[in-house]
Amino acid sequence: MKIRLCHSYEEIISVENLLCAWEEFVRGKRNKLDVQEFSLRLMDNIIALHDDLANHAYRHGGYEAFKVDDPKPRDIHKASVRDRLLHHAIHRVLCPFFDKKFIADSYSCRIGKGTYKVIDRFRDFSYRVSKNNTRTCWVLKCDIRKFFANIDHSILLAILREYIDDRELLILLGEVVGSFSVARSGVGLPLGNLTSQLLVNIYMNEFDQYVKHELKNKYYIRYSDDFVFFADDRSILEGYIPAVKNFLYEKLRLELHPDKLYIKTVATGVDFLGWINFIDHRILRTTTKQRMMKRLVENNSEEIMGSYLGLLKHGNTHNLQKAVGAYKIT
């Protein structure tokens, strides 16, 4: 039997929790016009939000859509400050509970994890499976097609009901989840919501647990919708493919991206999270390098250069670091 969430709807919507959520939400955003407008009457706005929630009159608003290159073009949908504040209030209570349910090798949007931890884990698994580079290490690389756009609301809410008894909280989560759809009603989560990051991890935890308990693969890593399996026998990984496809579609209504599914050896280099990963080193993906140099031509501010140099320290990029340094402002 699954352990149930002990926190209540009242705790999440309390003025105290909303104020704490505001302090988290406002970091790095104080110069944003919509945030400044909300903060001019902060307590009035927070009390009004609390009252709407307490009286069950709250309705999630619409979204502002825009595009970013991160690193590929993505559609971002931003909610109002009022709604984003509520997202933080929900997240700060639910996240600690659900994070304990996730496997250790799920890395996306989790405290103490992230992309650098993932690629280090990739190298660790490469060494383990290859017996310190004395055997061939095979990797099955998978990617889910249009991941956020295909999250099924009814399946997600059914998963949440397995952990949450509080009816009012479930209705609120249904309001947040149902506030956005993409091509068809009842499907899709917005990339811009903080709650979306947690909800997709809850959604994909069903798959993570399947991998661990049914496929019984010890060498598996997932970052959002990108995931890899390691084995010393190619046929083992080939056998995973139909099982993975079937589980994702039957249980989660998700599909693998056919153009991003392949099996390779680590010795030949595996493209994962922007890096070409080998057993004892990694290099930056060519398209990532090209995009980086193009952006430096357009804007070589100290902030951008610092972020790029910080990124490059995590790979074998001595010559590239010198090339980036050549753009230093004089």
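Residues numbered from 1 in each chain as written. Predicted model: local features only at pLDDT ≥ 70, side-chain atom pairs only at ≥ 80, totals over all residues. Heavy atoms only, no water.

- Looking up the protein in an unreviewed UniProt entry gives the name RNA-directed DNA polymerase, with the organism given as Candidatus Wolfebacteria bacterium GW2011_GWB1_47_1.

1. Quick look at unusual backbone geometry
Thinking step 1. At Lys 131, a position not held by glycine, the phi torsion is positive, near 55 degrees.
Thinking step 2. Given a relative accessible area of 47%, Lys 131 falls into the partly exposed group.
Thinking step 3. Backbone geometry places Ser 224, a non-glycine residue, at a positive phi of 60 degrees.
Thinking step 4. Mapped onto the fold, Ser 224 is located in the loop between β4 (220–223) and β5 (226–231). (Buried < 20%, exposed > 50% of the residue type's maximum accessible area, 1.4 Å probe, protein only. Helix = DSSP H or I, 4+ residues; strand = E, 2+ residues; numbered from the N terminus.)

2. A few points about the packing of aromatic side chains
Thinking step 1. Summed over all chains, the structure comprises 20 aromatic pairs.
Thinking step 2. For the pair Phe 97 and Phe 98, a centre-to-centre distance of 5.0 Å together with 85 degrees between the ring planes defines the contact as edge-to-face.
Thinking step 3. Residue class for Phe 97 comes out buried when judged on its relative accessible area of 12%.
Thinking step 4. Ring-pair connections join several aromatic residues into one group, and the members of that group are Phe 207, Tyr 210, Tyr 220, Phe 227, Phe 229, Tyr 240 and Phe 247. (Phe/Tyr/Trp six-rings, centres within 6.5 Å; stacked < 30°, edge-to-face > 60°.)

3. Quick word on the side chain of His 88
Thinking step 1. Tracing the chain through its elements places His 88 in helix α5 (residues 81–99).
Thinking step 2. Residue classification places His 88 among the buried residues on the basis of a relative accessible area of 14%.
Thinking step 3. Beyond its immediate chain neighbours, meaning those up to four positions away, His 88 contacts Ala 21, Glu 24, Phe 25 and Leu 194. (Contact = heavy atoms within 4.5 Å.)

4. Looking at the nonpolar core
Thinking step 1. Residues Phe 207 and Phe 229 are the most contacted members of the largest nonpolar core, which totals 71 residues.
Thinking step 2. Once residues lying within four places of it in the same chain are set aside, the contact partners of Phe 229 are Trp 138, Val 139, Leu 140, Phe 207, Val 211, Leu 215, Asn 217, Tyr 219, Tyr 220, Leu 237, Tyr 240 and Val 244.
Thinking step 3. Judged by nonpolar contacts, the second largest core, of 15 residues, contains Cys 137, Ile 221, Val 228 and Phe 230. (Core = buried A, V, L, I, M, F, W, Y, C linked by side-chain atoms within 4.5 Å.)

5. Topic: empty space enclosed by the protein
The probe, sized like a water molecule, is rolled over the atoms to show the empty space still left.
Thinking step 1. A full pass over the atoms with the stated rule returns 1 cavity of 30 Å³ or more.
Thinking step 2. In this model, the largest cavity occupies a volume close to 50 Å³.
Thinking step 3. Counting only elements with at least two residues in the lining of the largest cavity, the list comes to α5, α8 (167–177) and α9 (194–215).
Thinking step 4. Looking at which element gives the most residues to the lining of the largest cavity, the answer is α9, with 3 residues.
Thinking step 5. Each residue belonging to the lining of the largest cavity can be placed in one class, and the counts come to 6 nonpolar, 1 polar and no charged. (1 Å grid on protein atoms, 1.4 Å probe; cavity = no way out; pocket = protein on both sides within 12 Å on 5 of 7 lines; lining within 4 Å. Points joined across faces, edges and corners; volume = space filled by probe spheres on them. Nonpolar A, V, L, I, M, F, W, Y, C, P; charged D, E, K, R; others polar.)

6. Here we look at the packing of helix α2 (residues 15–25) against helix α4 (residues 42–54)
Thinking step 1. It is the contact of α2 with α4, at a shortest axis distance of 10 Å, that shows an interaxial angle of 130 degrees. The pairing of α2 with α4 is recorded here as oblique in orientation. Handedness of the crossing formed by α2 with α4: right-handed. Listed contacts from α4 to Val 15, Leu 18, Leu 19 and Trp 22 of α2 are Leu 42, Met 43, Ile 46, Leu 49 and His 50.
Thinking step 2. For the contact of α2 with α4, the class distribution of residues is 8 nonpolar, 1 polar and no charged. (Axes fitted to C-alpha atoms, helices over the stretch in contact; angles between N-to-C directions. Parallel < 35°, antiparallel > 145°, perpendicular 65-115°, else oblique. Left-handed = near helix turned anticlockwise from the far one by under 90°.)

7. Observations regarding the state of the cysteines
Put plainly, two cysteines are in a disulfide when a covalent bond ties their sulfur atoms together.
Thinking step 1. With the rule as written, the count across this model stands at 0 disulfides.
Thinking step 2. Among the cysteines around Cys 109, which has no disulfide bond, Cys 95 carries the closest sulfur, lying 9.4 Å off. (Disulfide = S-S within 2.5 Å.)

8. So, the packing of helix α3 (residues 33–40) against α5
Thinking step 1. Across the interface, α3 lies against α5 with an axial gap of 10 Å and an inter-helix angle of 80 degrees. The angle between α3 and α5 falls in the class roughly perpendicular. On α5, the residues that touch Asp 34, Val 35 and Phe 38 of α3 are Val 81, Arg 82, Arg 84 and Leu 85.
Thinking step 2. In terms of residue class, the contact of α3 with α5 is made up of 4 nonpolar, no polar and 3 charged.

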